[in-house]
Amino acid sequence: MTATLIDGKAFAAGLRARIATEVAALKARGITPGLAVVLVGADPASQVYVRSKGKQTLEVGMNSFEHRLPAETPEAELLALIERLNADPAVNGILVQLPLPGHMNEAAVINAIAPEKDVDGFHILNVGRLATGQKAMVPCTPLGCLMLLRDRLGSLSGKRAVVIGRSNIVGKPMAQLLLRDSATVTIAHSRTADLPALCREADILVAAVGRPLFVGGDWIRPGATVVDVGINRTDDGLVGDVDFEAARKVAGAITPVPGGVGPMTIACLLANTLTATARANGLPDPDGLTP
Ligand SMILES: NC(=O)C1=CN([C@@H]2O[C@H](COP(=O)(O)OP(=O)(O)OC[C@H]3O[C@@H](n4cnc5c(N)ncnc54)[C@H](OP(=O)(O)O)[C@@H]3O)[C@@H](O)[C@H]2O)C=CC1
Ligand SMILES: Nc1nc(=O)c2c([nH]1)NC[C@@H]1CN(c3ccc(C(=O)N[C@@H](CCC(=O)O)C(=O)O)cc3)C=[N+]21
């Protein structure tokens, strides 16, 4: 048996097409969604993502505002920029690309973003709202994973899910979303005992570790759905956290890297910007874009 490929690239393209339709409808009412992306420093991977975000933002008909600051920018200057973007009615979404340079306090910067414009869903209020089941901005990568899982499996209720990784940007919000959909969720991390055996229990396995080919084929329950969040640059090119060739012989379905979760992250960023724009204008949330 070979696993079904979960084509995140195609799913993301479909999502962007839907978003473009909704943007056109807003524009007909005189509302143009705007996304501001702030990049501090010149990390090469971040530059690639920021360029890709800007391009796709324009493609769906939104306004894109890019702010590039030198690595040595004082934190106060970044906070002043965020204040201006918070107050700017043309800006509906604000994303500060992470990681930030070492001299900055990441939490302080994120929490300076107006929660209703926090399209990454990293602000402490959005984290708390998600955790307590209130209307929030939901982090893009976990939201993209959830959309792929629902599309593949329908209901996640009662399924055993294992999330490897407990970061604030992927692992923890992923676990929250799975829990909201009534999966039985275990969060694993570097101190987890007998991780392979734990993973073999999982109907849904999400890997967000940041180690190439970390999850072996023999960790996977036959027929399981495997979502590989990892983005690792190696001599063999871009690879995920899962040993894809081994895993696809066992899994029921699996996301590839590239072409899996990555494109969904950017599509969900646009989805969140659209949702933020709707809310800012007192309109209902667009269907199917929020969990
Ligand atoms: N596709 C996309 O859109 C995105 C992809 N990514 C990618 O996803 C991956 C994870 O990102 P992120 O969450 O930010 O990474 P972090 O480095 O913040 O978190 C990694 C997690 O993996 C855990 N871990 C590390 N080593 C082991 C181990 N040996 N066994 C079990 N768990 C381990 C860590 O555990 P502990 O907490 O104990 O240290 C930690 O919780 C990266 O490859 C990143 O590039 C990230 C964002 C978006
Ligand atoms: N504030 C903030 N928000 C983020 O959402 C954020 C961030 N900071 N910092 C970095 C991570 C990483 N991330 C990715 C986005 C797109 C792809 C993506 O499109 N990947 C393509 C391949 C792209 C390539 O070739 O590198 C794919 O998997 O097919 C990957 C990773 C967003 N992140």
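Residues numbered from 1 in each chain as written. Chains lettered and ligands numbered in written order. Predicted model: local features only at pLDDT ≥ 70, side-chain atom pairs only at ≥ 80, totals over all residues.

*Asks:* I'd like a description of the pairing of strand 7 (residues 204-207), backed by residues and values.
*Replies:* Residues Ile204 and Val206 line one face of strand 7 and the alternating positions Leu205 and Ala207 line the opposite face, and both faces are buried. Summarising the sheet, strand 5 (residues 160-164) and strand 7 pair through 4 bridges and their orientation is parallel. Counted as the bridge partner of Ile164 is Ala207 from strand 7. In terms of strand pairing, strand 7 meets strand 8 (residues 225-228) through 4 bridges, oriented parallel. Each residue of the ladder has a partner; that of Leu205, found in strand 8, is Val226. (Buried ≥ 20, exposed ≤ 12 C-beta atoms within 10 Å, placed from the backbone. Helix = DSSP H or I, 4+ residues; strand = E, 2+ residues; numbered from the N terminus. Pairing = 2+ DSSP bridges.)

*Asks:* Describe the UniProt feature "binding site: NADP(+)" (unreviewed entry) in the protein, with residues and values.
*Replies:* In the UniProt entry, the feature "binding site: NADP(+)" (unreviewed entry) is given for Gly165, Arg166, Ser167 and Ile231. Relative to the helices and strands, Gly165 is located in the loop between strand 5 and helix 7 (171-180). Other than its neighbours up to four places away in sequence, Gly165 contacts Val170, Gly171, His189, Ala208 and Val209. Looking at the secondary structure, you find Ile231 in the loop between strand 8 and strand 9 (232-234). Of the residues examined, Ile231 has 20 C-beta atoms within 10 Å and is grouped as buried. Ignoring any residue separated from it by four or fewer positions in sequence, one finds Ile231 in contact with Leu238, Val257 and Gly262. (UniProt positions renumbered as here; feature names shortened; annotations may be inferred. Contact = placed C-beta atoms within 7 Å.)

*Asks:* So what's going on with the nonpolar core? Residues and values would help.
*Replies:* Val163, Leu205 and Val206 are the most contacted members of the largest nonpolar core, which has 86 residues in total. Sort the elements by how many residues they give to this core and helix 10 (residues 261-280) lands first, with 11 residues. Shared between two domains, this core holds at least three residues of each, these being domain 1 (29-120) and domain 2 (140-262). The contacts of Val206, once residues within four sequence positions are left out, are Cys145, Val163, Ile164, Met174, Val227 and Val229. (Core = buried A, V, L, I, M, F, W, Y, C linked by C-beta atoms within 7 Å. Domains from an automatic or database assignment.)

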